[in-house]
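In case you want the letters, here they are:
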Amino acid sequence: MNIIYTDVLVVGGGLAGLRTAVGVKKRGKDVIVLSLIPPKRSHSAAAQGGMQASLGNSAKGEGDDEDVHFMDTIKGSDWGADQQVARMFVHTAPKAVRELSHWGVPWDRVKQGDREAIINAEKVTITESAEAHGLITARDFGGTKKWRTVYTSDGTGHAMLFALGDQAIANEIEIHERTEAIALIHEGNRCYGAIVRNLITGELTAYVAKATVIATGGYGRIYKISTNAVICDGSGVAIALETGVATLGNMEAVQYHPTAIVPAGILTTEGCRGDGGILKDVDGYRFMPDYEPEKKELASRDVVSRRMTEHIRKGKGVPSKYGDHIWLDITILGRKHIEKNLREVKEICEYFLGIDPAVDYIPIRPTQHYSMGGVRTDYRGESQTLRGLFSCGEAACWDMHGFNRLGGNSVAETVVAGMIVSEFISDFCDSPDSDINVSTALVKEFLDREDSKLQTIIDCDGGENAYALRSRMEDIMMEKVSIFRNGDDLREAVDELEDLLKRSRNIAIKTKVRAANPELVTAYRVQKMLKLALCVALGALERTESRGAHYREDHPERNDRGWLKRTLTTWKQENDTLPTVSYEEIDIMTMELPPGFRGYGAKNIIDHPNTARRLEETEQIKASFKGADRFALQNELMKYLHLLPERFQGRNERLWEPLS
């Protein structure tokens, strides 16, 4: 039996995992990172458009601060977010940007003087101040009041990932590539590490750790078409679910991105629209102003995706052999701008579509993109029910996104959460109750159990085909748990997914070897993916309202009175065929920003009985603090600063808010 001991085991080698590893290593902890692939090839590299942080350097970002970023984030979440966590995030984001700059990320910068930009399909002149020259600039993104998304052309994730990869090397962080955590070691309500499979040799090893971190990204590949990389199958979230102790949060909250290319589903960044691109229908007509006259193409992602789908349903989509689509027109930006600021988009269009986006329209339609749900954690990033298990990034329900994420907030969350959570993990490792009191007998029990599961698949003859099961699951999710949902489709989805799960327990494979066996990998992963799909579908079925990216055609209202709560799912027993669903109330009386109207479409809200009361309280506080600085007012509305690690509590400096 192979056992490897460490202080911190990080499962996932993308931005969130690497930043967490760097943080704990700088605190003097031993850390090992497990990665399915070389970390610099992680899906984080696919993030194109940028990360949000309220620097306020550019002319169109003037006046931006943590308060504005916070309000955008909460409204974008449709009031499903944890407002204290959102405050922690917006406060730390500027620090993360500057840290990354110090580590070598070449953020685009402000250039003083006049420059041309496209706003609302018209050329305008923006004048940048001499005072801001050389500072980090920003572009526009959907759902924001200010231009806040800092970027490096449209290769932001790539630049960030390589900088963090270099930091991992500089800090001599141990990374075990081509390895996959297939189960968590736990006893009672305490996690002790993971059973890990070497994807090349097939060997199983037990990694025992004081703290274990799930940072494996989203679960988009439970859908047929997704902007997610093929490795984003939710395996990290699934092994937390399979403990029977850890809870998952808001799994039904699945975001579609409006502008994925047809048919491949590869993302074209929100920066296309943020920089001035527009959406057109089969007639070449720009239709978004008809639906959202204020924000148009830069409404929140969930809203734009629904409006596009509505328009296609009206017969205004562009016919193709891959189904109807919409046109994305960035030709108005000009070749110079595209080749400088959208060069990845240009290459994607050339390689996958054979078109030149400086001349041709891009065929796009909404495609599954992001998972707001994940391992439910507290503000420290630790599981609420399984001690010693932490999570951050897209794998976590921390919960700063609620039921819809704003573009640029996810890339920011990976590094911001990594910064914050790594401090709490280090504190945990310093505490007496982090001692590893686990017997080798327990470790062997878990290792033998996983070995037996793999052998059962290998020994099975005449059973189910894993690829067929997975394909049908993906179809069900696309067809029945999509942008628009209804009770009948969701019930059918749950019933069929449950049947697929039962069948998956009798999978047979043709290649009967342990080492380097993709068929075996598909077999055991599809069993986990089906459990996640059931969490999504059952959560969506039972949530009889529309909130953020979860939209029910048969329940179109946002029902704060009945549904201002997070969905929690657990998998109590290994042989269960459905998850157990429970709920966590979101307390209005602790909110800094009480529930209100997001500003899209018609107001359709069933108010919570405490909304008016809390709104009156906040208005009274604002009146009594009239003339006070914004920091004092915010602290009175909702305290959060004490939750942050002390090193991140300091104020952020801006041109109009100098620190001295």
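As a reminder, the structure under discussion sits directly above these lines.
Residues numbered from 1 in each chain as written. Predicted model: local features only at pLDDT ≥ 70, side-chain atom pairs only at ≥ 80, totals over all residues. Heavy atoms only, no water.

A. Broad picture of the overall build of the protein chain. If you tally the helices and strands in the protein chain, you get 18 helices and 24 strands. Expected size for 660 residues packed as a compact globule is a radius of gyration near 26 Å; at 24 Å, the protein chain falls within 12% of this value. Considered along the principal axes of its C-alpha atoms, the protein chain spans approximately 70 × 60 × 50 Å. For the protein chain, buried positions account for 63% of its 660 residues. A total accessible area of about 23,800 Å² is found for the protein chain, and carbon and sulfur atoms account for 48% of it. Here the protein chain contributes 84 positive and 96 negative side-chain charges, whose respective centroids are spaced 1 Å apart. (Helix = DSSP H or I, 4+ residues; strand = E, 2+ residues; numbered from the N terminus. Rg over C-alpha atoms; globule rule 2.2 N^0.38 Å. Buried < 20%, exposed > 50% of the residue type's maximum accessible area, 1.4 Å probe, protein only. Areas by Shrake-Rupley, 256 points an atom, 1.4 Å probe, with all protein chains shown as cover. Lys, Arg positive; Asp, Glu negative; His and termini not counted. Charge placed at Lys NZ, Arg CZ, Asp CG, Glu CD.)

B. Representation of helix H1 (residues 15-26). Helix length check: H1 (12 residues) gives 16 Å between terminal C-alpha atoms against 16 Å at 1.5 Å per residue, within 8%. Of all 12 residues in H1, 10 are buried; the element is thus mostly enclosed. For H1, the set of buried residues is Leu15, Ala16, Gly17, Leu18, Arg19, Thr20, Ala21, Val22, Gly23 and Val24. One or two steps after H1, the chain reaches glycine 28, where phi turns positive at roughly 85 degrees. (Expected span 1.5 Å × (residues − 1).)

C. Structural context of the packing of H1 against helix H4 (residues 156-170). Running from N to C, H1 and H4 cross one another at 30 degrees; their axes reach a closest spacing of 9 Å. Overall, the two elements H1 and H4 adopt an arrangement that is roughly parallel. Here the hand of the crossing between H1 and H4 comes out left-handed. Contacts between H1 and H4 involve Leu15, Leu18, Arg19, Val22 and Lys26 from the first element and Met160, Leu161, Leu164, Gly165, Gln167 and Ala168 from the second. In terms of residue class, the contact of H1 with H4 is built from seven nonpolar, two polar and two charged. (Axes fitted to C-alpha atoms, helices over the stretch in contact; angles between N-to-C directions. Parallel < 35°, antiparallel > 145°, perpendicular 65-115°, else oblique. Left-handed = near helix turned anticlockwise from the far one by under 90°. Contact = heavy atoms within 4.5 Å. Nonpolar A, V, L, I, M, F, W, Y, C, P; charged D, E, K, R; others polar.)

D. Layout of the packing of aromatic side chains. A complete count under the given rule lists seven aromatic pairs for this structure. Between phenylalanine 287 and tyrosine 291 the ring centres are 6.2 Å apart and the planes differ by 85 degrees, which places this aromatic pair in the edge-to-face class. According to the relative accessible area criterion, phenylalanine 287 is buried, its value standing at 0%. For tyrosine 291, a relative accessible area of 14% translates into the label buried. Against the face of phenylalanine 70 rests arginine 87, its NZ or CZ located 4.5 Å from the ring centre. Between the NZ or CZ atom of arginine 405 and the centre of the ring of tyrosine 370, over which it lies, the distance is 4.1 Å. (Phe/Tyr/Trp six-rings, centres within 6.5 Å; stacked < 30°, edge-to-face > 60°. Lys NZ or Arg CZ within 6 Å of the ring centre and 35° of its normal.)

E. Fine view of the sheet that holds strand S13 (residues 278-280). With antiparallel pairing, four strands are arranged side by side in an open sheet as S12-S15-S14-S13. Lying at the two open borders of the sheet, with one neighbouring strand each, are strand S12 (254-261) and S13. If you compare each strand with its neighbour and ignore which way they point, the axes differ by 45 degrees on average. Contacting S12 and strand S15 (362-371), helix H10 (residues 343-353) crosses the sheet at an angle of about 110 degrees to S15. (Pairing = 2+ DSSP bridges.)

F. Quick peek at the sheet that holds strand S11 (residues 248-249). Overall, mixed pairing links the five strands, which are arranged S18-S16-S11-S22-S23 in an open sheet. Looking at the sheet topology across the chains shown, the edges are occupied by strand S18 (396-397) and strand S23 (580-585). Here strand S16 (residues 374-376) pairs with S18 via two bridges, running parallel. Within S18, the residue paired with arginine 376 across the bridge is cysteine 397.

G. Representation of unusual backbone geometry within the structure. With an omega dihedral of 10 degrees, the bond running from valine 262 to proline 263 counts as a cis peptide bond. Along the chain, proline 263 turns up in the loop between S12 and helix H6 (271-274). Of note, the phi angle at tryptophan 79 is positive, near 60 degrees, even though the residue is not glycine. Mapped onto the fold, tryptophan 79 is located in the loop between helix H2 (66-76) and helix H3 (83-102). For tryptophan 79, a relative accessible area of 2% translates into the label buried.

H. The pairing of strand S5 (residues 122-128), seen in detail. Where strand S4 (residues 113-119) lies against S5, seven bridges are found, and the strand directions are antiparallel. Pairing of alanine 117 across the sheet is with valine 124, part of S5.

I. The arrangement of empty space enclosed by the protein in detail. Tallied over the full model, the rule gives one cavity of 30 Å³ or more. Here the largest cavity defines a volume of roughly 40 Å³. Around the largest cavity, the lining residues are Val254, Tyr256, Asp302, Ser305, Arg306, Ile483 and Ala549. Of all the secondary structure elements, the ones that give two or more residues to the lining of the largest cavity are S12 and helix H8 (301-316). When residues in the lining of the largest cavity are grouped by element, the largest group, three residues, is from H8. For the lining of the largest cavity, a count of residues per class yields four nonpolar, one polar and two charged. (1 Å grid on protein atoms, 1.4 Å probe; cavity = no way out; pocket = protein on both sides within 12 Å on 5 of 7 lines; lining within 4 Å. Points joined across faces, edges and corners; volume = space filled by probe spheres on them.)

J. Structural context of H4. Between its first and last C-alpha, H4 extends 21 Å over 15 residues, near the 21 Å set by a 1.5 Å rise per residue. Those residues of H4 that sit buried are Thr156, Gly157, Ala159, Met160, Leu161, Ala163, Leu164, Gly165, Gln167 and Ala168. One or two residues past the end of H4 sits glutamate 172, with phi positive at roughly 55 degrees.

K. Main features of the pattern of salt bridges. The full count for this structure, using the stated rule, is 70 salt bridges. Salt-bridge contacts for glutamate 339 lead to arginine 335; the nearest nitrogen and oxygen are separated by 3.5 Å. Here arginine 335 and glutamate 339 lie together in helix H9 (residues 335-341), a separation of four residues that amounts to about one turn. Look at arginine 335 and you get partly exposed, because its relative accessible area is 35%. (Salt bridge = Lys/Arg side-chain N within 4 Å of Asp/Glu carboxyl O.)

L. How the structure looks around the nonpolar core. With 82 residues, the main nonpolar core has Ile222, Leu389, Met473, Met477, Leu497 and Val536 as its most contacted residues. Take this core: its biggest share by element is 16 residues, from helix H15 (residues 518-542). In contact with methionine 473, not counting residues within four places along its chain, are Arg221, Ile222, Leu497, Leu500, Met529, Leu530 and Ala533. Grouped together as the second largest cluster of nonpolar side chains are 70 residues, Ala53, Leu564, Met591 and Met638 included. (Core = buried A, V, L, I, M, F, W, Y, C linked by side-chain atoms within 4.5 Å.)

M. Region of interest: the pairing of S12. Most of S12 sits out of view: eight of its eight residues are buried. In the sheet, S12 pairs with S15 via six bridges, with the strands oriented antiparallel. Counted as the bridge partner of histidine 257 is threonine 367 from S15.

N. How the structure looks around the side chain of threonine 152. By the secondary structure assignment, threonine 152 is in the loop between strand S6 (149-150) and H4. Here threonine 152 falls in the buried class, since its relative accessible area comes to 7%. Here threonine 152 is in contact with Val105, Pro106, Trp107, Asp108 and Ala159, once residues within four sequence places are set aside.

O. Quick peek at the side chain of serine 77. Within the fold, serine 77 resides in the loop between H2 and H3. Excluding residues that lie within four positions of it along the chain, serine 77 makes contacts with His401, Gly402, Phe403 and Asn404.

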